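# Overview (structure and organization)
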Amino acid sequence: MGNELSYAYHISVITADCSHASTIDSLSVTLIGTKGQSNKMKLDHKGLHFFNERHKQYKMHCKESLGDIVLVRLEHAHFQGKRWFCSKVIVEDCAAGRSFRFPYNSWVKKNRSVELREGTAKKPSEDELDILKQNREKELDQRRKTFRWKTYAEGMPKCVDIKKTCDLPLDVQFSFSKNTEFQFTLTSALVKLKLAEFIHLQTHWRSMEDIEKYFGVNKTEESEFVKSMWEEDTFFGYQFLNGCNPIMIKKCKEIPSNFAVTNDMVSRFLEKSTSLQNEMQKGNIYLVDYQLLDEFPANTIHGKLQYLPAPLCLLYKDPDNQLKPIAIQLKQKAHPQNPIFLPSHSADWLLAKIYVRSADFNYFQLITHLLRTHLLAEVFCMATHRNLASVHPLYKLLIPHTRYTLQINIMARDKLLGKSGVFQKSISTGGNGLPKLLQKAHSCLTYRSLCLPEDIAARGVEDIPCYYYRQDGMKLWNTIKWFVEEMIKYYYPSDRDVIKDTELQDWAKEIFSNGFLNRKESGIPESFRTVHELIKFLTMVLYTCSVQHNAVNGGQFDFAAWMPNASPTLRRPPPSFVGGTTQQDILESIADVGSTVRTLAAVWLLSRNSDDFVKLGDYPEERFTEETPRKLISEFQSALQHIDGEIALRNKTLNPGYPYLRPALMENSVAI
């Protein structure tokens, strides 16, 4: 036997631990090394060898050393099942005492062979063997055919050219458990909320007590707090800091020319012996301006035109550090029939605040949430699949933060934005104007506004107290930046390494052209020239796909379940005079019964985490095999755990608490 058995390899094949991952079918394996390749060996088939989390080991003998093992080829042999999820393959060179890891983390479909790259992350220039270069090119060619760009609507970020989730590659589809648990249908949500019989009602609410009956079916501690406080000016101000849309408020240094508020109007709502001008100079006056909603063609629901204000709201930070509204104008153009509403206007003031909150809900859902997190995350996901080989260090870094994003967005385009979707049937920004508003918002989207430290500085809100979105967000931004910086410096020691990485440069170009439509004024880089530029951009990407999305998505049900606090639509135009508002006027202005329950079901559905939730910083699938990145991941997780503990401890002293940026409760990707 001698020479024929002189070189032995132990091959371990590991099946993933997830539903439907196993198979009873047989495989064959070929090892490819720097000095040659083995013969194809059939892996014996005597039962469930490829079962969940099972490590099945085989022994292969070769006549001579294959050198460093760089590829493992798996081929089907009598493959009768539909698919099998391969976690990884480990090859041990018995003679050399070396081990090679081949993470795969993908489905193997019937009648297909796959090649697994050795796990060491490599940039394109680091592949010296022709077989590895060919493997890399083949993988990306196939991905570009699978993940094609499509224009959903002019002026919006491009998206994946796939309409049905079942047509997505298995690797990016929901898991079996999530797919079963998350049936994205309004009907199922309405049934669970016991509201299905009310969805077609077009009548207005008869009283606030009536709304409370529906609200009480499913509620949270936070939503109960919202219901009890929604009329209070202090809570109205609080929501601009820590609600679902915490990116609007900015310091006001000068009253806009189209905002007809004067010192005489608001001086009584300030401290004694001061003025509006003095308080602006002190930095105590803030502004929220919904100018993007101006002249928006509102939806038509049940054959009736709806309304969407574009208000301006002035707020004052008092000596007790409470933020209170002191003036509201519901339209952009100053006019006698566009009055300034003041806190002394009683019922008129409450109605004006309802109109602001409705504008905020619509702005948040379509711009802050959909455009600035979901659609951008899809762009990052598409560019990653199309331009970065699975062995690329940035692919390994980014891909966990794209989990489920394509599927959730395809479902959103169908179930939320489609002709029979929630926006069309229940929300002011639905209908023909929806793509126009997204186009308008996208046209002024900037890189600076996506980077939290720069956005906070640009809005002048660095020092405003009780701004937990900023406090927690900055901790997480800095922690993500540290993690990214350490990772990037390990793989890119110099600017030259960044410049010559062709896959990275192609990735940047696709994001700029397909996500930001070649708008140079956006500030989005078309390429990367330095390590610093790359670190900043990747920090923004990871932050957007995890932290920012959770900040705006996590509290939807809490803040919108009590509908008067976030009416999805308005059935009357903004009031054109002060005085005379009654409770009946309010009930006939806010969303009708059907629109309310339909929207309630949607925000309930979108606020739920699934059983296979993966929290920020968790990477259950092995991708990095080198010691340094694995150590950095562990340190990143420890830092996140520390931040989570700090936030949880602080929240015990707050009412309400701010849980939306707790890393332990935050999804790693835009997955809902």
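Look above for the structure.
Since the model is a prediction, treat every value here as computed from it, not as a measurement.

A count of helices and strands for the protein gives 23 helices and 18 strands. Taking 26 Å as the expected radius of gyration for a compact globule of 672 residues, we find that the protein reaches 28 Å, a close match to that expectation. Over its C-alpha atoms, taken along the principal directions, the protein stretches across nearly 100 × 55 × 45 Å. Put simply, the protein has 672 residues, and 58% of those count as buried. The long-range share in the protein, meaning contacts at least 24 apart out of those at least 6 apart in sequence, stands at 75%. On the protein, roughly 27700 Å² of surface is accessible, and the fraction owed to carbon and sulfur atoms is 47%. Of the side-chain charges in the protein, 85 are positive and 78 negative, and the distance between the mean point of each set is 4 Å.

Let us look at the nonpolar core. Grouped together as the largest cluster of nonpolar side chains are 163 residues, with contacts concentrated most on Ile249, Leu394, Trp507 and Phe537. With 23 residues, helix α9 (residues 347-387) is the single largest residue contributor to this core. Not counting the four nearest positions on each side in its chain, Ile249 is found in contact with Phe240, Leu241, Tyr286, Leu287, Val288, Leu315, Leu323, Arg459, Val461, Ile464 and Tyr467. Within the second largest apolar cluster, 25 residues are counted, among which are Leu27, Ile69, Val72 and Trp84.

Time to look at the pairing of strand β7 (residues 83-93). Most of β7 sits inside the fold, with nine of its 11 residues counted as buried. For β7 and strand β8 (residues 98-109), the ladder comprises 10 bridges, and the chain directions are antiparallel. Note on β8: the bridge partner recorded for Val89 is Phe102. Counting the residues in the hairpin turn of β7 and β8 gives four residues, including Gly97, whose phi is positive at 70°.

Take the sheet that holds β7 next. Sheet architecture is open: four strands sit in the order β5-β1-β7-β8, paired in antiparallel fashion. Two strands close off the open sheet at either side, each with one partner strand: β5 (55-62) and β8. This sheet shows a mean twist of 20° between the axes of neighbouring strands, independent of strand direction. Pairing geometry for strand β1 (residues 7-15) and β7, over seven bridges, is antiparallel. In the sheet register, Thr15 faces β7, and the bridge partner there is Cys86.

Attention now moves to the packing of aromatic side chains. Per the stated rule, a full pass over the model turns up 21 aromatic pairs. Both rings, one in Phe483 and one in Phe636, keep their centres 4.2 Å apart while their planes meet at 0°; by these two values the pair is stacked. Linking Phe483 in helix α16 (residues 468-491) with Phe636 in helix α23 (residues 627-651), this pair joins segments that are 153 residues apart in sequence. Pair check on accessibility: Phe483 and Phe636 agree, each one buried. The residue whose ring lies beneath Lys227 is Trp562, and the NZ or CZ to ring-centre distance is 5.9 Å.

Once that is clear, we can look at the pairing of strand β17 (residues 323-329). Extensive coverage of β17 is indicated by the burial of six of its seven residues. Here strand β16 (residues 312-317) folds back onto β17, and the loop between the two strands holds five residues, one of which, Asn321, carries a positive phi near 65°. Here two bridges tie β17 to strand β18 (residues 340-341), and the two strands are oriented antiparallel to one another. Residue pairing for β18: Gln329 is matched across the bridge by Ile340.

Quick look at the sheet that holds β18 now. The five strands lie next to each other as β12-β13-β16-β17-β18, forming an open sheet whose pairing is antiparallel. The strands lining the two open edges of the sheet, one partner per strand, are β12 (250-251) and β18. In the sheet, strand β13 (residues 285-289) pairs with β16 via five bridges, with the strands oriented antiparallel. Paired with Asp289 across the bridge in β16 is Leu312. In the packing of α9 onto the sheet, the strands contacted are β17 and β18, and the crossing angle to β17 comes to about 90°.

What follows covers the pattern of salt bridges. For the structure shown, the criterion picks out 36 salt bridges. For the salt bridge of Glu279 with Lys282, the shortest nitrogen-to-oxygen distance reads 3.4 Å. Of this pair, Glu279 and Lys282 are both found in helix α8 (residues 276-282), three residues apart, which corresponds to roughly one turn of the helix. Residue classification places Glu279 among the buried positions, given a relative accessible area of 3%.

What counts, and where the lines are drawn
Residues numbered from 1 in each chain as written. Predicted model: local features only at pLDDT ≥ 70, side-chain atom pairs only at ≥ 80, totals over all residues. Heavy atoms only, no water. Helix = DSSP H or I, 4+ residues; strand = E, 2+ residues; numbered from the N terminus. Rg over C-alpha atoms; globule rule 2.2 N^0.38 Å. Buried < 20%, exposed > 50% of the residue type's maximum accessible area, 1.4 Å probe, protein only. Contact = heavy atoms within 4.5 Å. Areas by Shrake-Rupley, 256 points an atom, 1.4 Å probe, with all protein chains shown as cover. Lys, Arg positive; Asp, Glu negative; His and termini not counted. Charge placed at Lys NZ, Arg CZ, Asp CG, Glu CD. Core = buried A, V, L, I, M, F, W, Y, C linked by side-chain atoms within 4.5 Å. Pairing = 2+ DSSP bridges. Axes fitted to C-alpha atoms, helices over the stretch in contact; angles between N-to-C directions. Phe/Tyr/Trp six-rings, centres within 6.5 Å; stacked < 30°, edge-to-face > 60°. Lys NZ or Arg CZ within 6 Å of the ring centre and 35° of its normal. Salt bridge = Lys/Arg side-chain N within 4 Å of Asp/Glu carboxyl O.

The analysis is restricted to geometry; functional conclusions fall outside its scope.
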